[in-house]
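Report on the structure
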Amino acid sequence: MSKPRIVAVGGGVASAAALAELRKEGFDGDLTLVSAEDTVPYERPPLSKEFLLGRSGSVPVKDPAWYEQQSVELLLGLPATRLDLAARTVTRSDGSVIGYDQLLLATGVRPRVLPRVEGDGVCYLRTVQDATELRDRIGAAGHVVVLGGGFIGCEVASAAIQLGKRATILEALPTLLHRALGSDLGEVVAGIHRDAGVDVRTGQPVTGLTPRPGGGVQITVAGGPVDADVLVVGVGTVPNQELAQQAGLPVGDGIEVDEYFATGVPGVWAVGDVVAQHLPRYGRRVRVEHHDTALRHGRAAARNMLGRREPFADVHWFWSDQFEHTISSAGLNPRADETAGPLIIRGSLEQRSFSAFSLDGDQLRAVISLNRPQDVLAARRLIAREHRATADQLRDESLPLKRLVPSPATDPRISA
């Protein structure tokens with residue numbers, strides 16, 4: 001009798017974490033990883049930070065030797081192009097077919113590509129190949145322009161300045177990180193970038209793009225043309241859900257799964273950036289593009305694939321390094337939460353050291369911090385447990401936030 005086979009489609013941290021957890025939990029069947037990329041899964045957060053600065057290479061989630069040691073079959077360099085849910089098979093772009101007993105979809109996201117924004121000197125950033133090309137281009141550039149003032153755009157601009165380049169951010173919204181932080185907090189981040197030498201231009205949508213003779217592009221915005229040796233486009237992402245959609249799985253803004261990562265088709269699961277997961281905590285579907293969340297997705301889904309049936313209740317966590325500053329958050333982004341009221345500020349926006357909390361009644365829903373990681377750690381513990389908190393308590397810097405956490409203070413859902 002043949003061993004059961006689990007096939008993971010997608011070469012990111014969620015797949016790697018799931019495979020590792022399956023082996024850790026004693027699964028001794030066949031494991032296969034199918035990835036369009038030709039490398040083993042690696043850490044993506046450094047690509048817009050340490051990798052661009054030349055301080056880090058590609059960092060694998062698991063050492064390549066681990067896959068051989070754990071008898072994981074690697075099918076790299078060719079994407080999956082078709083699923084047959086009735087036959088339980090995955091077809092790759094070369095026509096090869098892989099059978100499975102259980103299937104884990106972790107197809108991730110891709111950068112949103114703007115129409116007519118292309119050509120020599122226009123770069124997107126998602127893969128290590130993208131990052132390698134961008135690092136080389138920045139090294140030879142004088143002026144780096146970023147289209148989009150989200151986290152990727154801000155991190156790339158930060159790296160460019162630290163490499164001694166001119167950097168400009170063009171953002172159509174009123175501030176940097178506007179969707180994540182809102183106007184007041186976003187303006188604090190814009191101030192950090194301006195003080196570091198970034199030319200930050202907000203409220204200026206791009207209206208045209210023209211290739212320059214000899215390389216680079218000229219960008220037309222309301223404030224006048226901007227010449228770029230390198231233009232980095234960072235205007236959001238698109239979930240890679242076409243494979244699931246072709247197979248008839250439910251999709252919306254991502255592959256739809258329940259709190260256990262099940263798709264509704266027996267034996268088919270999905271995790272990571274691509275999933276729109278039903279979370280009872282919020283009473284709706286949520287799609288989160290965070291490295292830490294994808295890692296935890298993979299671990300949790302693996303246990304459910306083995307029959308545990310554990311609902312995912314981890315508190316989302318995220319960070320972004322920009323210059324010497326760190327932005328971190330826990331919980332659902334309050335600016336994406338329609339139930340969120342006014343933010344409660346602890347600390348000082350002027351001194352660039354604060355935490356902004358979102359309360360729903362007497363329940364803390366989320367926090368976004370600048371240079372206050374301990375606040376985020378305490379808030380994660382608080383959000384994970386039944387608790388009560390008031391606006392006055394959250395504002396009061398003489399009251400350590402950890403005192404608001406019900407005993408016991410640790411919670412397995414947020415442990416490393």
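Computed from a predicted structure; not experimentally measured.

Quick word on the pairing of strand 11 (residues 166–171)
Here strand 11 lies mainly inside the structure; five of its six residues are buried. With five bridges connecting them, strand 10 (residues 143–147) and strand 11 associate as parallel partners. For Leu147, the partnering residue across the bridge sits in strand 11 and is Leu170. With respect to chirality, the unit in which strand 10 leads through helix 4 (residues 151–162) into the neighbouring parallel strand 11 is right-handed. In this view, the connection linking strand 11 to its parallel neighbour strand 12 (residues 199–202) by way of helix 5 (residues 178–196) has right-handed handedness.

Considering the side chain of Thr32
Turning to its location among the elements, Thr32 is positioned in strand 2 (residues 30–35). Classification of Thr32 as buried rests on a relative accessible area of 0%. Not counting residues up to four positions away in its chain, the partners in contact with Thr32 are Arg5, Ile6, Val7, Ala8, Glu73 and Leu75.

Section: the sheet that holds strand 2
With parallel pairing, five strands are arranged side by side in an open sheet as 3-2-1-7-20. The sheet is open, and its two borders are formed by strand 3 (72–76) and strand 20 (268–270), each paired with just one other strand. Going across the sheet, the axis of each strand differs from the next one's by a mean of 20°, ignoring polarity. Strands strand 1 (5–9), strand 2, strand 3 and strand 7 (102–105) of the sheet are contacted by helix 1 (residues 13–24), whose axis makes an angle of about 175° with strand 2. Here helix 7 (residues 291–305) sits on the sheet and contacts strand 1, strand 7 and strand 20; the angle it forms with strand 7, its principal contact strand, is near 165°.

A closer look at the pattern of salt bridges
Charged atoms that come close allow side chains of opposite charge to pair. Counted according to the given criterion, the structure contains 28 salt bridges. Taking the shortest distance from any N to any O, the salt bridge between Arg137 and Asp120 comes out at 3.0 Å. Placement of the pair is Arg137 in helix 3 (residues 128–140) and Asp120 in the loop between strand 8 (109–111) and strand 9 (122–123), with a sequence separation of 17 residues. When its relative accessible area of 26% is taken as the criterion, Arg137 is described as partly exposed.

A look at the pairing of strand 23 (residues 317–322)
The two faces of the sheet receive side chains in turn, since in a regular strand these alternate between them. Residues Phe318, Ser320 and Gln322 of strand 23 are buried on one face, while the alternating residues Trp317, Trp319 and Asp321, pointing to the opposite face, are not. Relative to strand 24 (residues 325–331), strand 23 is paired through six bridges, and the arrangement is antiparallel. Within strand 24, the position partnered with Trp319 by the bridge is Ser328. Between strand 23 and strand 24, which follow one another and run antiparallel, lie two residues, and Phe323 among them has a positive phi close to 55°.

Structural notes on the packing of aromatic side chains
Scanning all chains against the criterion turns up four aromatic pairs. A centroid spacing of 4.7 Å and a plane angle of 70° characterise the contact between Phe151 and Phe318, whose relative ring orientation is edge-to-face. Within this pair, whereas Phe151 is found in helix 4, its partner Phe318 is found in strand 23, the two being separated by 167 residues in sequence. Taking the centre distance of 5.2 Å and the plane angle of 20° together, the rings of Trp317 and Trp319 count as stacked. Judged by relative accessible area, Trp317 falls into the partly exposed class, the value being 26%. The partly exposed category is assigned to Trp319, whose relative accessible area is 25%. Between Arg135 and the ring centre of Phe51, over which it is positioned, the NZ or CZ distance is 4.2 Å. Positioned above the aromatic ring of Tyr260, the side-chain terminus of Arg309 is 4.0 Å from the ring centre.

Quick look at the environment of Arg44
Its location among the elements puts Arg44 in the loop between strand 2 and helix 2 (64–69). Linking Arg44 and Glu324, residues 280 residues apart in sequence, is a C-alpha distance of 20 Å. The residues contacting Arg44, other than those within four sequence positions of it, are Gly11, Glu37, Arg126 and Thr127. In terms of polar contacts, Arg44 uses its side chain to reach the backbone carbonyl oxygen of Arg126, at 3.0 Å.

A word on the sheet that holds strand 5 (residues 89–92)
One open sheet accounts for three strands, arranged 4-5-6; its pairing is antiparallel. Only two strands of the sheet have a single partner each, and these edge strands are strand 4 (80–84) and strand 6 (97–99). Between one strand and the next, the sheet's axes are offset by a mean angle of 25°, whatever the strand orientation. Direction of pairing for strand 4 relative to strand 5: antiparallel, over a ladder of four bridges. Bridged to Arg82 within strand 5 is Thr91.

Concerning the environment of Val367
With respect to the secondary-structure elements, Val367 resides in strand 27 (residues 363–370). Note on Val367: relative accessible area 0%, which makes it buried. Taking C-alpha positions, Val367 is 18 Å from Glu350, a pair spaced 17 residues apart along the chain. Setting aside residues up to four positions removed in sequence, Val367 forms contacts with Ser328, Ser329, Ala330, Ser355, Ala356, Phe357, Val376 and Ala379.

Side note on the nonpolar core
By size, the foremost hydrophobic cluster in this structure holds 42 residues, and its most contacted members are Leu134 and Val198. Of all the elements, helix 5 adds the most residues to this core, at seven residues. In this structure Val198 touches Ala157, Ile161, Ala167, Thr168, Ile169, His193 and Phe323, once residues within four positions along its chain are discounted. Within the second largest apolar cluster, 35 residues are counted, among which are Ala8, Val72, Ala106 and Leu332.

Focus: the side chain of Gln102
Mapped onto the elements, Gln102 comes out in strand 7. Its relative accessible area of 17% is what places Gln102 among the buried residues. Apart from residues lying up to four places away in sequence, Gln102 is in contact with Arg5, Ile6, Val7, Gly267, Trp269 and Met305.

About the thresholds
Residues numbered from 1 in each chain as written. Predicted model: local features only at pLDDT ≥ 70, side-chain atom pairs only at ≥ 80, totals over all residues. Heavy atoms only, no water. Buried < 20%, exposed > 50% of the residue type's maximum accessible area, 1.4 Å probe, protein only. Helix = DSSP H or I, 4+ residues; strand = E, 2+ residues; numbered from the N terminus. Pairing = 2+ DSSP bridges. Right-handed = clockwise from strand over helix to strand, strands pointing away. Contact = heavy atoms within 4.5 Å. Axes fitted to C-alpha atoms, helices over the stretch in contact; angles between N-to-C directions. Salt bridge = Lys/Arg side-chain N within 4 Å of Asp/Glu carboxyl O. Phe/Tyr/Trp six-rings, centres within 6.5 Å; stacked < 30°, edge-to-face > 60°. Lys NZ or Arg CZ within 6 Å of the ring centre and 35° of its normal. Polar contact = N/O pair within 3.5 Å; in protein donor to acceptor, adjacent residues only side chain to side chain. Core = buried A, V, L, I, M, F, W, Y, C linked by side-chain atoms within 4.5 Å.

By themselves these figures say nothing about function.
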